[in-house]
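A look at the structure
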Amino acid sequence: MRHHSLKNKKICVISTFGHNGIDWLHSLIDSHPDVLIMPGFSFYRTIDKIQTILNVKSLSKLSSELLASTFVKLFFEDPGYQVVRRKFINNKDERDRFKDSLMHYLSVSEADCIDRRLFFGLHFSFAEVKRIDLDCIKVIVIQEHVPWHSMKYKKIFNPYFVFMMRDPRAALIGSWIRLKSANV
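Anyway, here's the lowdown on the structure attached to this text. Quantities reported herein were computed from a predicted structural model and do not represent experimental measurements.

**Observations regarding the pattern of salt bridges**
- Applying the stated criterion across every chain yields a total of 7 salt bridges.
- Here K138 and D34 are joined by a salt bridge, their closest N and O atoms 3.6 Å apart. Taken together, the positions of K138 in the loop between α5 (114–129) and β3 (139–144) and D34 in the loop between α1 (22–29) and β2 (35–37) put the pair 104 residues apart, joining distant regions of the chain.
- Accessibility expressed as a relative area gives 55% for K138, which makes it exposed.
- A salt bridge links K99 to E65; the nearest nitrogen and oxygen atoms lie 3.2 Å apart. Here E65 lies in helix α3 (residues 64–77) and K99 lies in helix α4 (residues 92–108), a separation of 34 residues in the sequence.

**Overview of unusual backbone geometry**
- Of note in the backbone geometry, N55 takes a positive phi value of approximately 55° without being a glycine.
- Mapped onto the elements of the fold, N55 is located in the loop between α2 (43–54) and α3.
- Assessed through its relative accessible area of 70%, N55 is described here as exposed.
- In this structure, R131 is a non-glycine residue whose phi angle is positive, near 55°.
- On the secondary structure map, R131 appears in the loop between α5 and β3.
- On the basis of relative accessibility, which here comes to 63%, the residue R131 falls in the exposed class.

Analysis parameters
Residues numbered from 1 in each chain as written. Predicted model: local features only at pLDDT ≥ 70, side-chain atom pairs only at ≥ 80, totals over all residues. Heavy atoms only, no water. Salt bridge = Lys/Arg side-chain N within 4 Å of Asp/Glu carboxyl O. Helix = DSSP H or I, 4+ residues; strand = E, 2+ residues; numbered from the N terminus. Buried < 20%, exposed > 50% of the residue type's maximum accessible area, 1.4 Å probe, protein only.

Fair warning: the whole summary comes from geometry, so function is off the table for now.
Now the structure itself:
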């Protein structure tokens, strides 16, 4: 498993607030051969969810086995990751390959920051499962649905940013319609 080339890739964060079209932008970028982008995956929002699941304030002291198992369980079983725009582990074989790749990456990574190790480990594992040649990738694009994680990205990754904005009335209506549909 080759993972060394990931840490040298450019990173671009697409972010917004409310419903402003990042899923649409994500779908436009998704098929570009120079881009590695995971389906509908918000890294820091997922980190927050994993910390809640494990009832910890930091993931830095946890074993590679526990981290990999928890991420895989979330991605493979959580209903939020079973919708079309987020689902990327489609069967038990992909689940097992993802877990093995993530455990491997976390155990050999030399990154001193858990966020860097997890970020690159998750993208490496996704590329392994989907058989994406990382040597052909020039940029990793991540969509983060909320902008308040931007300073973490800036501090740890020094990425490029794209902030999507549109008429706030349309964004609020989209949020209200989605909320109303979810509560029916």
